[in-house]
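Here is how the chains run, residue by residue.
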Amino acid sequence: MADNAKTPRPVYRNIHVSDIVTYRLPLAGIVSILHRISGALMFLLMPFIIWMFDASVTSEISYEAFTSVFTVGCADGAIPGWFFKLVALALIWAYLVHFTAGMRHLLMEVTHSYSKQAGKSTAVTTLVLSTGLTVVLAAKLFGLF
């Protein structure tokens, strides 16, 4: 019994809110957090998504009003058009991050590759792919090409 009392117990570190900035999270953890944030963002912006879909398919007149919101802004000019483009860009980013991270999780579950190296490489691929696609679609949304 004396030997059991002398063995050191494992130390579990609780992370306080003030430690979040200094805590070094692995890339797989960052992708996991971004997956959750993007899902929450898509859920919160669901009314905007429904409005965009409804306005774009109802009629030709509603489609013209829909496209004018992104160029001119609201009817009285209270909210400029670039703000709606930024909201749409946030939705594009959220969808791409959520989709690529979801495909990463599916790939890891199907192939049973749960090693540290596989987690890191798929996290890097997820971040690069979603960021690259977001930049390309942002350039298209803001009329660079």
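One can find the structure itself at the top, above this paragraph.
What counts, and where the lines are drawn
Residues numbered from 1 in each chain as written. Predicted model: local features only at pLDDT ≥ 70, side-chain atom pairs only at ≥ 80, totals over all residues. Heavy atoms only, no water. Helix = DSSP H or I, 4+ residues; strand = E, 2+ residues; numbered from the N terminus. Expected span 1.5 Å × (residues − 1). Buried < 20%, exposed > 50% of the residue type's maximum accessible area, 1.4 Å probe, protein only. Axes fitted to C-alpha atoms, helices over the stretch in contact; angles between N-to-C directions. Parallel < 35°, antiparallel > 145°, perpendicular 65-115°, else oblique. Contact = heavy atoms within 4.5 Å. Polar contact = N/O pair within 3.5 Å; in protein donor to acceptor, adjacent residues only side chain to side chain. Phe/Tyr/Trp six-rings, centres within 6.5 Å; stacked < 30°, edge-to-face > 60°. Core = buried A, V, L, I, M, F, W, Y, C linked by side-chain atoms within 4.5 Å.

**Quick look at helix 2 (residues 27-44)**
Now for step 1: Here helix 2 contains 18 residues, and its C-alpha end-to-end distance of 25 Å stays within 8% of the 26 Å for a straight helix at 1.5 Å per residue.
Now for step 2: All buried positions along helix 2 are accounted for by Gly29, Val31, His35, Ser38 and Met42.

**Remarks on the packing of helix 3 (residues 46-57) against helix 4 (residues 60-71)**
To characterise two packed helices, one gives the angle between the axes of the helices and the distance between these axes.
Now for step 1: Here helix 3 crosses helix 4 at 130°, and the two axes come no closer than 7 Å. Regarding the angle of helix 3 to helix 4, the classification is oblique. Residue-level contacts link Phe48, Trp51, Met52, Asp54, Ala55 and Ser56 of helix 3 to Ser62, Tyr63, Phe66, Val69 and Phe70 of helix 4.

**A closer look at the environment of Thr125**
Now for step 1: Looking at the secondary structure, you find Thr125 in helix 6 (residues 116-141).
Now for step 2: For the pair Thr125 and Ala101, spaced 24 residues apart in the sequence, the C-alpha separation amounts to 9.5 Å.
Now for step 3: Within the structure, Thr125 has its side chain in polar contact with the backbone oxygen of Ser121 (distance 2.8 Å).

**So, the environment of Gly132**
Now for step 1: Within the fold, Gly132 resides in helix 6.
Now for step 2: Judged by relative accessible area, which is 31%, Gly132 ranks as partly exposed.
Now for step 3: For the pair Gly132 and Leu96, spaced 36 residues apart in sequence, the C-alpha to C-alpha distance is 9.8 Å.

**Points about the packing of aromatic side chains**
What describes a pair of aromatic rings is the distance from one ring centre to the other and the angle between the planes of the rings.
Now for step 1: Tallied over the full model, the rule gives seven aromatic pairs.
Now for step 2: Feature note: the residues Phe48, Trp51, Tyr63, Phe66, Phe70, Phe83 and Phe84 constitute an aromatic cluster, connected by ring pairs.

**So, helix 6**
Now for step 1: The terminal C-alpha atoms of helix 6, which comprises 26 residues, lie 37 Å apart, in line with the 38 Å expected from a rise of 1.5 Å per residue.
Now for step 2: Residues of helix 6 that are buried: Ala118, Gly119, Thr122, Ala123, Thr126, Ser130, Thr134, Ala138 and Ala139.
Now for step 3: On its buried face, helix 6 sits against helix 2 and helix 5 (81-111).

**Re the nonpolar core**
Soluble, globular proteins show a tendency: their nonpolar side chains are buried together.
Now for step 1: Judged by nonpolar contacts, the single largest core of 13 residues is most densely connected at Phe48, Met52, Phe66, Phe70, Phe84 and Leu91.
Now for step 2: In terms of residue count, helix 5 provides more of this core than any other element does, five residues in total.
Now for step 3: The contacts of Leu91, once residues within four sequence positions are left out, are Met42, Leu45, Phe48, Ile49 and Met52.

**A closer look at the side chain of Ser62**
Now for step 1: Within the secondary structure, Ser62 is located in helix 4.
Now for step 2: The exposure class of Ser62 is buried, given its relative accessible area of 18%.
Now for step 3: A distance of 3.0 Å separates a polar atom in the side chain of Ser62 from the backbone oxygen of Ser59.
Now for step 4: With near-sequence residues (within four places) excluded, Ser62 lies in contact with Asp54 and Ala55.

Everything listed here is a matter of geometry and, on its own, says nothing about what the molecule does.
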